[in-house]
Amino acid sequence: MAQRKETPTPLPSPENLTREQSEAVEKAAFLIISAQRESAAMLKRAGIPEHFFKSKCTAHIEAFGQCPCGDYKGDGGPCENHVTIDHEAVPIPRDRCNHRASQHLPS
Ligand SMILES: [Zn+2]
Ligand SMILES: [Zn+2]
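Residues numbered from 1 in each chain as written. Chains lettered and ligands numbered in written order. Predicted model: local features only at pLDDT ≥ 70, side-chain atom pairs only at ≥ 80, totals over all residues.

(A) Molecular detail of the overall build of the chain. Scanning the chain for helices and strands turns up one helix and four strands. For the chain, the succession of helices and strands along the chain, N to C, is α-β-β-β-β. The proportion of buried residues among the 107 residues of the chain is 16%. Sequence-distant contacts in the chain: of pairs separated by 6 or more residues, those separated by 24 or more amount to 39%. (Helix = DSSP H or I, 4+ residues; strand = E, 2+ residues; numbered from the N terminus. Buried ≥ 20, exposed ≤ 12 C-beta atoms within 10 Å, placed from the backbone. Contact = placed C-beta atoms within 7 Å.)

(B) Region of interest: unusual backbone geometry. A positive phi angle is found at Ala63, which is not glycine, with a value near 65 degrees. Take Ala63: it is sitting in the loop between strand 1 (60-61) and strand 2 (65-66). Notably, Asn98 is not glycine yet its phi reads approximately 65 degrees, a positive angle. Looking at where Asn98 falls in the secondary structure, it is placed in the segment after strand 4 (94-96). By the C-beta count within 10 Å, which is 17 here, Asn98 ends up partly exposed.

(C) Just the confidence of the model for the chain, in detail. Per-residue confidence for the chain averages 84 on the pLDDT scale, and 84% of its residues sit at or above 70. Here strand 4 is the element of the chain with the lowest mean pLDDT, 83, and helix 1 (residues 19-45) is the one with the highest, 91. (pLDDT = per-residue confidence, 0-100.)

(D) Expanded view of helix 1. A rise of 1.5 Å per residue sets the reference length of helix 1, with its 27 residues, at 39 Å; its end C-alpha atoms lie 39 Å apart and thus fit the reference within 8%. Among all positions of helix 1, only Ala29, Phe30 and Ile33 are buried. Of the residues flanking the end of helix 1, it is Gly47, one or two places downstream, whose phi is positive at about 90 degrees. (Expected span 1.5 Å × (residues − 1).)

(E) Fine view of the nonpolar core. One finds Ala29, Phe30, Ile33, Cys57, Cys67, Cys69, Tyr72, Cys79, Cys97 and Ala101 forming the largest nonpolar core, which totals ten residues. The contacts of Ala101, once residues within four sequence positions are left out, are Glu26, Ala29, Phe30, Ile33, Tyr72 and Gly76. (Core = buried A, V, L, I, M, F, W, Y, C linked by C-beta atoms within 7 Å.)

(F) The environment of His104, seen in detail. Here His104 shows up in the segment after strand 4. For the pair His104 and Lys56, spaced 48 residues apart in sequence, the C-alpha to C-alpha distance is 5.1 Å. Beyond its immediate chain neighbours, meaning those up to four positions away, His104 contacts Ile33, Ser55, Lys56, Cys57, Thr58, Tyr72, Cys79 and His99.

Pasting the structure below:
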């Protein structure tokens, strides 16, 4: 007798999402980041360092490692924060993070 095993549904990877779904993910991610910004402003007013909550980028850059972007900047679209990719190069190249809002949240 074959037994049906209950396997937990894995989180769909971004590539497997429909356009509608990934838009919802980005909107939801931006909502969280907006709330983090608001809470950071609240802490600042209370005299607590405002960088207490940061929406650090978790994207992986080929041949580099984790994206050095430390805080999401933008309004829901690709991140506009400028990051330094190569500390050895002269002059140090500065590039846009360009990663999605959802990549700035721990998953
Ligand atoms: Zn970023
Ligand atoms: Zn990034």
